[in-house]
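Chains, contacts and geometry: an overview
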Amino acid sequence: QVQLVESGGGLVQAGASLRLSCAASGRTFVGYAMGWFRQAPGKEREFVAGIPWSGSPYSADSVKGRFIIARGNAKNTVFLQMNSLKPEDTAVYYCVAGSVAGARAPGDYEYWGQGTQVTVSS
């Protein structure tokens, strides 16, 4: 059974940092891209950042320069370092894995975690 398990969410003040982690298991993820989406209340799910199996990471303009995505050495883990958090970053953050490199659409990712809540107060 494939599982993506996120951790690291929480409640912080604006300007603070948080680090999200995700561990994938249940199958081989060789060649798979991993990434993060988020969904705020009343809004559509949106792409945050992605990292291919090999190659450069990529991110949404709204988080560029503040969020950094990286994969662990085993490559079945992915991290999202979130700095200079803003209230508009408040959302449920989902870890994803998919076979399409460079993907930014939700439908391009086959596997999703359950999500972790990030709340940024002003």
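Placed above this text is the structure.
Described in the following lines is the structure provided in the data block. (Residues numbered from 1 in each chain as written. Predicted model: local features only at pLDDT ≥ 70, side-chain atom pairs only at ≥ 80, totals over all residues. Heavy atoms only, no water.)

1. Concerning the environment of Val5
With respect to the helices and strands, Val5 occurs in strand E1 (residues 3–7). When its relative accessible area of 48% is taken as the criterion, Val5 is described as partly exposed. Note: C-alpha distance between Val5 and Thr116 (111 residues apart in sequence) is 9.0 Å. When near neighbours in sequence (up to four residues on either side) are disregarded, Val5 contacts Ser21, Cys22 and Ala23. (Helix = DSSP H or I, 4+ residues; strand = E, 2+ residues; numbered from the N terminus. Buried < 20%, exposed > 50% of the residue type's maximum accessible area, 1.4 Å probe, protein only. Contact = heavy atoms within 4.5 Å.)

2. As for the nonpolar core
A general trend in soluble globular proteins is that nonpolar side chains are found buried together. With 34 residues, the main nonpolar core has Trp36, Val48, Phe67, Val78, Leu80, Met82 and Tyr93 as its most contacted residues. Listed by contribution, the elements that provide at least two residues to this core are strand E3 (18–25), strand E4 (33–39), strand E5 (46–51), strand E7 (67–71), strand E8 (77–82), strand E9 (91–98) and strand E11 (116–121). Top contributing element to this core by residue count: E9, with five residues. Not counting the four nearest positions on each side in its chain, Met82 is found in contact with Ala16, Ser17, Leu18, Leu20, Arg66, Phe67, Tyr93 and Val118. (Core = buried A, V, L, I, M, F, W, Y, C linked by side-chain atoms within 4.5 Å.)

3. A look at the packing of aromatic side chains
For the structure shown, the criterion picks out eight aromatic pairs. Seen from their ring centres, Phe37 and Tyr109 are 5.5 Å apart, and the 75° between their planes marks the pair as edge-to-face. With a gap of 72 residues between them, Phe37 in strand E4 and Tyr109 in the loop between E9 and strand E10 (111–112) connect regions that are remote in the sequence. Residue class for Phe37 comes out buried when judged on its relative accessible area of 1%. The exposure class of Tyr109 is buried, given its relative accessible area of 4%. Where Tyr94 meets Trp112, the ring centres are 6.0 Å apart and the plane angle is 65°; that geometry is what we call edge-to-face. On the criterion of sequence distance, the pair formed by Tyr94 in strand E9 and Trp112 in strand E10 is long-range, its members being 18 residues apart. Site record: aromatic cluster; members linked through ring pairs are Phe37, Phe47, Tyr58, Tyr94, Tyr109 and Trp112. It is Arg27 that lies over the ring of Phe29; its NZ or CZ is 5.8 Å from the centre. (Phe/Tyr/Trp six-rings, centres within 6.5 Å; stacked < 30°, edge-to-face > 60°. Lys NZ or Arg CZ within 6 Å of the ring centre and 35° of its normal.)

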